[in-house]
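In case you want the letters, here they are:
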Amino acid sequence: MTHAARYHIRASRSMLRASLVLVAALAGVGLIAHSLRQYDPAQLTDAIERFQSTRMSAAIGFAAGSYFCLTFFDYLGLRYAGCGLPWRKAALASFTSLSFGHNIGFSALSAGVLRYRFYARWGASAEQVVKVIFVSATTVAVGLATLAGLAALANPAAGQLPLGAPIPAFVFFAVPVGYVAACLLLRRCYVYKGVTLQLPPLDIACLQVFVGTMNFICVAACMQQCLLAVREVSFTQVAAAYVAGNVATIVTHVPGGLGVLETVIQFVVGKQGLIIPLLMFRLIYFIIPLVLGSALLIGSEAYFKSRSARV
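Quick caveat: nothing in here was measured; it's all calculated off a predicted structure.

About the cut-offs
Residues numbered from 1 in each chain as written. Predicted model: local features only at pLDDT ≥ 70, side-chain atom pairs only at ≥ 80, totals over all residues. Heavy atoms only, no water. Salt bridge = Lys/Arg side-chain N within 4 Å of Asp/Glu carboxyl O. Helix = DSSP H or I, 4+ residues; strand = E, 2+ residues; numbered from the N terminus. Buried < 20%, exposed > 50% of the residue type's maximum accessible area, 1.4 Å probe, protein only. Core = buried A, V, L, I, M, F, W, Y, C linked by side-chain atoms within 4.5 Å. Contact = heavy atoms within 4.5 Å. Axes fitted to C-alpha atoms, helices over the stretch in contact; angles between N-to-C directions. Parallel < 35°, antiparallel > 145°, perpendicular 65-115°, else oblique. Left-handed = near helix turned anticlockwise from the far one by under 90°. Nonpolar A, V, L, I, M, F, W, Y, C, P; charged D, E, K, R; others polar. Patch = residues over 30% accessible without salt bridge, like charges linked within 9 Å, V, L, I, M, F, W, Y side chains within 5 Å. Areas by Shrake-Rupley, 256 points an atom, 1.4 Å probe, with all protein chains shown as cover. Expected span 1.5 Å × (residues − 1).

Here's the deal with the pattern of salt bridges
On inspection of all chains with the given rule, the structure shows four salt bridges. Between Asp74 and Arg115 there is a salt bridge, with its nearest N and O atoms 2.8 Å apart. With Asp74 in helix α3 (residues 53-81) and Arg115 in helix α5 (residues 107-121), this pair connects stretches of sequence that are 41 residues apart. Across this residue pair, the class does not change: Asp74 and Arg115 are buried. Residues Arg121 and Glu301 are paired through a salt bridge, measuring 2.7 Å at the closest nitrogen-oxygen approach. Of this pair, Arg121 sits in helix α5 while Glu301 sits in helix α11 (residues 275-310), and the two are 180 residues apart along the sequence. Glu301 sits in the buried class, given a relative accessible area of 14%. Where salt bridges share partners, they join Arg117, Arg121 and Glu301 into one cluster.

Concerning the nonpolar core
Grouped together as the largest cluster of nonpolar side chains are 45 residues, with contacts concentrated most on Cys226, Met280, Phe281, Ile284 and Tyr285. Contributing elements (two or more residues each) for this core: α3, α4 (87-104), α6 (126-154), α7 (169-185), β2 (195-198), α8 (202-227), α9 (235-252) and α11. Look past the residues within four positions of Cys226 in its chain and what remains in contact with it is Phe51, Ala59, Pro277, Met280, Phe281 and Ile284. With 16 residues, the next largest nonpolar core counts Leu114, Tyr119, Ala124 and Leu297 among its residues.

As for the side chain of Ser136
As for its position among the elements, Ser136 is in helix α6. With near-sequence residues (within four places) excluded, Ser136 lies in contact with Phe73 and Arg115.

Digging into the environment of Leu85
Along the chain, the position of Leu85 falls in the loop between α3 and α4. Given a relative accessible area of 8%, Leu85 falls into the buried group. On a C-alpha basis, the gap between Leu85 and Ala124 in space is 8.8 Å, while along the polypeptide they are 39 residues apart. Look past the residues within four positions of Leu85 in its chain and what remains in contact with it is Tyr75, Leu78, Arg79, Tyr119 and Trp122.

Considering the packing of α3 against α8
Their axes nearest at 8 Å, the elements α3 and α8 cross at an angle of 160°. Here α3 lies roughly antiparallel to α8, going by the angle between them. Note that α3 runs across α8; the crossing there is left-handed. Counted by class, the contact of α3 with α8 contains 19 nonpolar, six polar and two charged residues.

Section: the packing of α3 against α4
Relative orientation of the contacting elements α3 and α4 amounts to 115°, with a least axis distance of 8 Å. In the packing of α3 onto α4, the handedness of the crossing is right-handed. Residues Tyr67, Phe68, Leu70, Thr71, Phe72, Asp74, Tyr75 and Leu78 of α3 form the contact with α4, whose own contacting residues are Trp87, Ala90, Ala91, Ala93, Ser94, Phe95, Leu98 and His102.

Looking at a nonpolar patch on the surface
A cluster of nonpolar residues, Leu184, Leu185, Leu186, Tyr190 and Leu202, forms a patch on the protein surface that exposes about 500 Å² of accessible area. Mapped onto the elements, Leu202 comes out in helix α8.

Focus: α3
Taking 1.5 Å per residue as the helical rise, α3 with its 29 residues ought to reach 42 Å, and the 43 Å between its terminal C-alpha atoms agrees with that figure. Directly beyond the C-terminal end of α3, a positive phi value near 75° is found at Gly82.

Fair warning: the whole summary comes from geometry, so function is off the table for now.
Here it is in C-alpha cells:
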C-alpha cells in the first residue's frame with residue numbers, strides 16, 4: 001500500500017469519526033429541545049418557582065452523587081480490562097457518554113460509541129472498551145437488585161413494587177450474592193465474538209455491588225426530593241417504585257424513560273400533582289447533565305483536534 005493510500009484511509013477514518021461526534025452533538029441539542037418542547041415555558045417556569053430551594057439543592061446534590069458513582073462503573077471496568085487510565089479520564093468519558101445514553105436509550109450501545117471515542121484516543125483497545133461496558137452493565141444489575149432488596153427489607157410492603165404480590169428481600173439479594181460467589185468460584189475464561197471475557201476478581205465484584213447500590217440510592221433519593229414537593233413519601237416506597245420503573249426502562253429501551261417515569265411517579269403520588277416532580281426530575285437528572293455532557297463533548301473534540309494539529 002502506497003503512502004498516499006494510507007494517508008487517504010487515515011483521513012477518511014478521521015472524517016468518519018468527526019462526523020459521528022458531530023451527529024452525537026447535534027443529537028444532544030435535539031434531545032434537549034425535544035425534552036423541553038413537551039412543556040409549556042410558563043408551566044416549566046412555574047414548576048421551578050414553586051419548587052422549594054432546599055428540595056432543589058438536595059435533588060441536585062443527589063443527582064451529582066449518582067453521576068459521581070457512575071464514573072466508578074467505568075473506572076472499575078478499566079481496572080478489570082487491564083487499562084491503567086486515571087480516574088479523571090474515566091470520569092470524563094463516563095459522564096459525557098452516559099449523559100447521552102440516559103436520554104437516547106439503548107445505553108450500552110449509545111454510550112458505548114462515545115466511550116470508545118474517548119478510550120481509543122487514550123490507547124485502549126476495542127476489547128478493553130467491551131470489557132468496560134460489560135462491567136458497567138453487571139454493576140447496573142447488581143446495584144438495582146441490591147437496592148430493591150434493601151427497600152423490601154426495610155419495608156416488606158415495598159417489596160411488592162408496582163407488580164402486585166410482595167417479593168421477599170432474599171429474592172433480590174440472591175442477585176448480588178450469586179454474582180459475587182460466581183466471581184469467586186468461576187474463574188474460567190469465555191470467548192464471545194473474539195473477545196475473551198472472565199468474571200471480575202472478588203475485590204472488583206464487591207466494589208461493583210457497593211458503587212452500583214450507592215448510585216441507585218442517589219437516583220431514588222433525587223426522585224424522592226422531587227416527589228416531596230407535592231406529597232410525603234418514604235424513601236423505601238420511592239426506591240421500590242423506581243427499581244420497577246428502571247427495569248422497565250432497561251427492558252423497553254425507552255429514551256430517557258419516557259412514559260416509564262410517569263408510571264412510577266403516578267404509582268407513588270397519583271395523577272394529581274404529577275407535573276411538578278416529573279418536570280423537576282427530568283430537568284435535574286436528564287436535561288442538565290445532557291447540556292453539560294454536550295458542552296464537554298464539543299470542548300473535548302476541539303481540544304484533541306487542536307492538539308493533533310500542533311503535532
